[in-house]
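# Structural features, examined
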Amino acid sequence: MESATAAETAAMPRGVPLLKDELDIVIPTIRNLDFLEMWRPFLQPYHLIIVQDGDPSKIIKVPEGFDYELYNRNDINRILGPKASCISFKDSACRCFGYMVSKKKYIFTIDDDCFVAKDPSGKPINALEQHIKNLLCPSTPFFFNTLYDPFADGADFVRGYPFSLREGVPTAVSHGLWLNIPDYDAPTQLVKPLERNTRFVDAVLTIPKGTLFPMCGMNLAFDRDLIGPAMYFGLMGDGQPIGRYDDMWAGWCTKVICDHLGLGVKTGLPYIFHSKASNPFVNLRKEYKGIFWQEEIIPFFQSISLPKDCTSVQKCYVELSKQVKEKLSKVDPYFDKLADAMVTWIDAWDELNPTGASAAKVANGKAK
């Protein structure tokens, strides 16, 4: 099924869920998903892929009426076999397994402590609808429009914007934001324990080509067909020397590849309400090495050049893994291991997502 264009989307009757049969919602969790009750008006029409972290014998309860499949660690090991080593354990990075087993064109991923936010008028925000609008609308990474998104209602390209660039490029990633608890690192949490984000900025903008950004995975959507194989959240959590950099890693890799392939990344709307601050002392233990390492990781990504023959996401990602091994392994042996896991991830992705119309579907976990 082909995607609806932005014009077709705007013309759809009210009440018809956008891209209902083309989008999966991926949720990593260790607890019952009671939070879905407040999301029911917006998310119930869609299929959920739940990736259960931690003890696989624990029963995860999902509210009645949701269509879902649930995978735990035993399922991941069964489906991927030895390649399961690339999927993190005891870390929300396990969510990327859901990206791998999905067969839909689009993915929306949300954390289980993210509630429905309200706009300044008090109206509940349908975050998924806004993400879909972002993904169906072109991006403008090659020249910045000072009115932010020129495709938004009441906006256009400003004087001096090259007409040759106004068509834009396909949008691969829609990065949403958060009200209430900001997405801070542990040192900032410690010095600003009472900080809350109450600032609602009614804007969406394309992140310019050549500019990296800190991607947060708690309110994120992407075009799986365009960029899915790059959305690997790395090796984090149990048995690893670092945590809480899973979405950052995926964001850096994804942005470099989007820049190379001429794809767009948007950030801004929609907002969700982030309800629960994680423990800053626990976070500091997880982030400690990453805080030092990022001072070398970020210049590494800023200087990356991918060869012209890297014409697919998979080719780009494998090339990226080679450069990680070559240039970051001197920072710490962990990056040698991560580079190998990146290749394993691509191998597993291609195994579960063979090309061609007759691609076989992976056996589901506990389907409902």
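The rules behind the values
- The numbering scheme is per chain: residues are counted from 1 as the chain's sequence reads.
- The predicted origin of the model limits local features to residues at a pLDDT of at least 70 and limits the giving and counting of side-chain atom pairs to 80 or more, whereas totals for whole chains, interfaces and linings rest on all residues.
- Side-chain metrics rest on all non-hydrogen atoms present in the structure, leaving aside hydrogens and water.
- A pocket here means an open set of points on a 1 Å grid, computed over the protein atoms alone, that has protein on both sides within 12 Å along at least five of seven lines. A cavity is instead a set of points where a 1.4 Å probe fits but cannot get out; residues with an atom within 4 Å of a point line either one.
- Grid points are joined across faces, edges and corners, and a volume is the space filled by probe spheres set on the points.
- Here a helix means four or more residues in a row that DSSP labels H or I, a strand means two or more in a row labelled E, and each is numbered from the N terminus.
- Side-chain classes follow a simple rule in which Ala, Val, Leu, Ile, Met, Phe, Trp, Tyr, Cys and Pro form the nonpolar group, Asp, Glu, Lys and Arg form the charged group, and the remainder, Gly included, forms the polar group.
- Note on classification: 1.4 Å probe, protein chains only; a residue is buried when its accessible area is under 20% of the maximum for its type, exposed when over 50%, partly exposed between these limits.
- Strands are treated as partners if at least two bridges between them are detected by DSSP.
- Working definition of a nonpolar core: buried Ala, Val, Leu, Ile, Met, Phe, Trp, Tyr and Cys residues. They are joined through side-chain atoms within 4.5 Å.
- In what follows, a disulfide is any cysteine sulfur pair within 2.5 Å.
- Whenever Lys or Arg places a side-chain nitrogen within 4 Å of a carboxyl oxygen from Asp or Glu, that contact is recorded as a salt bridge.

Let's shift gears to empty space enclosed by the protein. Counting across every chain of the model gives one cavity of 30 Å³ or more. Here the largest cavity defines a volume of roughly 50 Å³. Lining the largest cavity are M236, I242, Y245, W249, W252, G290, I297, Y334, F335 and L338. Among the elements that line the lining of the largest cavity, the one with the most residues is helix α11 (residues 334-352), at three residues. Along the lines of polarity and charge, the residues of the lining of the largest cavity split into nine nonpolar, one polar and no charged.

Once that is clear, we can look at the pairing of strand β1 (residues 23-29). Counting buried positions along β1 yields seven of seven residues, so the element is predominantly enclosed. The alternating pattern of β1 places L23, I25, I27 and T29 and D24, V26 and P28 on opposite faces, both of which are buried. Pairing of β1 with strand β2 (residues 47-52), which is carried by six bridges, proceeds in the parallel orientation. If you follow P28 over to β2, its bridge partner there is V51.

Generally speaking, a soluble globular protein has its nonpolar side chains buried in company with each other. One finds W249 and Y317 to be the most contacted residues of the largest nonpolar core, which totals 69 residues. Listed in part, the 34 residues of the second largest apolar core include W39, L43, L70 and F108.

By the definition in use, this model includes zero disulfides. Just so you know, C137 is unpaired, no disulfide at all, and the nearest cysteine sulfur is the one on C258, 16 Å from it. The class of C137 is buried, set by a relative accessible area of 11%. C216 takes part in no disulfide bond, and the closest cysteine sulfur to it belongs to C114, at a distance of 7.4 Å.

In total, this model carries 14 salt bridges according to the counting rule given. Taking the shortest distance from any N to any O, the salt bridge between K83 and E351 comes out at 3.1 Å. With K83 in the loop between α3 (73-80) and α4 (96-101) and E351 in helix α11, this residue pair connects regions lying 268 residues apart in the sequence.

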